[in-house]
Amino acid sequence: MWWDERVSARFRRNLQPTLTYWSVFFSFGLCIAFLGPTLLDLRCQTQSSLSQITWVFFSQQFCLLLGSCLGGVFKRTLAQSLFALFASSLAISLVFAIIPLCHNVVVLAVVMAVAGLAMGCIDTISNMQLVKIYQKDSAIFLQALHFFVGFGALLSPLIADPFLSDTNCILSNSTANASSNLPHIRKSLVPHHPGNLSHYDLPMKGMVVTRVSYAFWIMALINLPVPIAVFFLLYKERMVPCFNSSSHPLLSADELAMETRPAEKDDLSAAVQRPHAAGGHDDLFSCCQSKNFRGASYTYFAVHITGALVLFMTDGIVGEYSGFVYSYAVEEPLSVVHKVAGYLPSLFWGFITLGRLISIPVSYRMKPATMVFINVVGVLITFLLLLIFSYSVVFLFVGTASLGLFLSSTFPSMLAYTEDILQYKGCATTVLVTGAGIGEMVLQLLVGSIIHDQGSYSFLVCGMIFGGLAFTFYAFLLFFHRMYPKPSSDLDDASPDKPAAMDDTGQYQR
């Protein structure tokens, strides 16, 4: 195997939890990408205007951000975390099943808000649990985790495509005129941004003819094994209510499964009875409490802030590029044919997924800091070349693929790197997930308004600026890493497979 026996043994000991967290992230990806291609059929189903239906995007994205902030609330015990994942993954299946029954746009927005909350909880909890289980070995498992979200994001549009309407799905006297615009509008409705659709006039009254319900029911069935897998993990840990078992702290259950000597298990069980103190992987609001700041150096805050700002920029680039590359391509000077330009968002997400798959073995051989450096430099160079060859359609496709590859592993690599700097005692997971979510939402709105005022060329200029800022913030992070207090020698010498010990804060150290 391309990884050593120590990591392989640790993976085998935590096989079921790891596969469960990966599968839950597949639910996240399945839910994040279906809305764009199906939104016109949902507009027909709810008989709403395009401007009204695009608010469904906002309800999902806003509640995803809110769920990411609140996800850390469930981190205190393994039972809380797994029940939150079970409820969230089951909620996504229920959302898929309920969407065909939503004939009012407000009801649809509320249902998508519930999906957003579930996705946010999944995002925070899954990242947090893998970091807690594997700690210094977490980079490779985080890369795999984020591959599954890309895989789900690719799969859901493919499931929906056969059931999308070829013509306008509300039959009226104006259908013939409106149908000619439908392919252009549909390709503008990419997963992360609805675009400017106010100038399109589609009928709102008439007979609804759409088969998109079948796509949602298929996705509900595909996702159903995920909450079942979480339930089996709860059953294995004896946390199903009928067993009347007490909850165990998150890391203890995972680590106890790795130990073979009964005496060590008893020592760990006794140790975790102490109250869980502040510090570690809290929710965003707990992280902001003043008691967590006592005695912390300025570099502690700087590492959190600069790490979050890097992901604010890079995840923001993912959102704004996937949201506007189609609109940029069909405008002058490129004037790409609409059908051809429609492949650009799919190409971008396809290479993000491919990059995450490639990063799984690469992350074992390469340090997370090096991977992030390659990523941010690659993004910067790609945007520079896109600006230089802005009149080349071929290079637009090449640059889109290159950008997807470089952005693919940025989040998991940055998360592993930042947590490693903080020795797994900070709030990095929560802060970074929140920063990435805010960036994805804010930069889309910012770039959309700039393109509206300055023209399509500003799309690449904005990407270049954001890439430069990501590189700058990463340089600051490297500086603060050098300034951050080094771990004690006993922590450095400890083997990851040795029994985990509790420090005074109740957190496991290695």
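The rules behind these values
- Residues numbered from 1 in each chain as written.
- Predicted model: local features only at pLDDT ≥ 70, side-chain atom pairs only at ≥ 80, totals over all residues.
- Heavy atoms only, no water.
- Helix = DSSP H or I, 4+ residues; strand = E, 2+ residues; numbered from the N terminus.
- Expected span 1.5 Å × (residues − 1).
- Bend = angle between axes of the 7 residues up to and from the residue.
- Buried < 20%, exposed > 50% of the residue type's maximum accessible area, 1.4 Å probe, protein only.
- Patch = residues over 30% accessible without salt bridge, like charges linked within 9 Å, V, L, I, M, F, W, Y side chains within 5 Å.
- Areas by Shrake-Rupley, 256 points an atom, 1.4 Å probe, with all protein chains shown as cover.
- Salt bridge = Lys/Arg side-chain N within 4 Å of Asp/Glu carboxyl O.
- Phe/Tyr/Trp six-rings, centres within 6.5 Å; stacked < 30°, edge-to-face > 60°.
- Contact = heavy atoms within 4.5 Å.
- Axes fitted to C-alpha atoms, helices over the stretch in contact; angles between N-to-C directions.
- Left-handed = near helix turned anticlockwise from the far one by under 90°.
- Nonpolar A, V, L, I, M, F, W, Y, C, P; charged D, E, K, R; others polar.

Draft legend 1. Summary view of helix α18 (residues 343-365). Taking 1.5 Å per residue as the helical rise, α18 with its 23 residues ought to reach 33 Å, and the 33 Å between its terminal C-alpha atoms agrees with that figure. Its axis deflected by about 40° at Ser359, α18 carries its strongest bend there, up to four residues before the proline Pro361. Leu344, Pro345, Phe348, Trp349, Ile352, Thr353, Gly355, Arg356, Ser359, Ile360 and Ser363 are the residues of α18 that are buried.

Draft legend 2. Spotlight on unusual backbone geometry. In this structure, the amide linkage connecting Glu332 to the following residue, Pro333, adopts the cis form with an omega of 10°. As for its position among the elements, Pro333 is in the loop between α16 (298-330) and α17 (338-341). For Gln47, which is not glycine, the phi torsion reads 50° and is therefore positive. Along the chain, Gln47 turns up in the loop between α3 (35-46) and α4 (50-53).

Draft legend 3. View of a nonpolar patch on the surface. Among the surface-exposed residues, Trp55, Phe58, Phe62, Leu66, Leu70, Val73, Phe74 and Leu117 lie close enough to one another that they form a single nonpolar patch of about 690 Å² accessible area. With 5 residues, the top contributor of residues to the nonpolar patch is helix α5 (residues 55-70).

Draft legend 4. Region of interest: the packing of aromatic side chains. Summed over all chains, the structure comprises 25 aromatic pairs. Centroid distance Tyr321 to Phe459: 5.3 Å. Interplanar angle 35°. Geometry classified as tilted. With a gap of 138 residues between them, Tyr321 in helix α16 and Phe459 in helix α23 (residues 458-483) connect regions that are remote in the sequence. Here the two residues Tyr321 and Phe459 agree in accessibility, since each one is buried.

Draft legend 5. Representation of the side chain of Gln143. As for its position among the elements, Gln143 is in helix α8 (residues 138-160). Setting aside chain neighbours within four positions, we find Gln143 in contact with Arg356, Ser359, Ile360, Ser363, Met371, Ser409, Pro412 and Ser413.

Draft legend 6. Spotlight on the packing of α16 against helix α19 (residues 368-388). For the pair α16 and α19, the least separation of the axes is 12 Å and the interaxial angle reads 35°. Handedness of the crossing formed by α16 with α19: left-handed. Where α16 abuts α19, its residues Thr314, Ile317, Glu320 and Tyr321 lie against Val376, Val379, Phe383 and Leu386. Class assignment of the residues belonging to the contact of α16 with α19 gives a composition of 6 nonpolar, 1 polar and 1 charged.

Draft legend 7. Up close: the pattern of salt bridges. One pass over the full model with this rule turns up 2 salt bridges. As a salt-bridge pair, Asp420 and Lys136 come within 2.8 Å of each other at their nearest N and O atoms. Pair noted here: Asp420 is in helix α21 (residues 410-421) and Lys136 is in the loop between α7 (105-134) and α8, with a separation of 284 residues, a long-range link. Among the residues examined, Lys136 registers a relative accessible area of 47% and is labelled partly exposed.

Draft legend 8. Structural context of the environment of Pro361. You can see Pro361 is positioned in helix α18. Residues Pro361 and Ala144, 217 residues apart in the sequence, show an inter-C-alpha distance of 9.3 Å.

Draft legend 9. Geometry of the environment of Gly116. With respect to the secondary-structure elements, Gly116 resides in helix α7. Here the alpha-carbon distance between Gly116 and Leu65, two residues 51 residues apart in the chain, equals 7.7 Å. Sequence-distant contacts of Gly116, that is, excluding residues within four places in its chain, are made with Gln60, Cys63 and Leu64.

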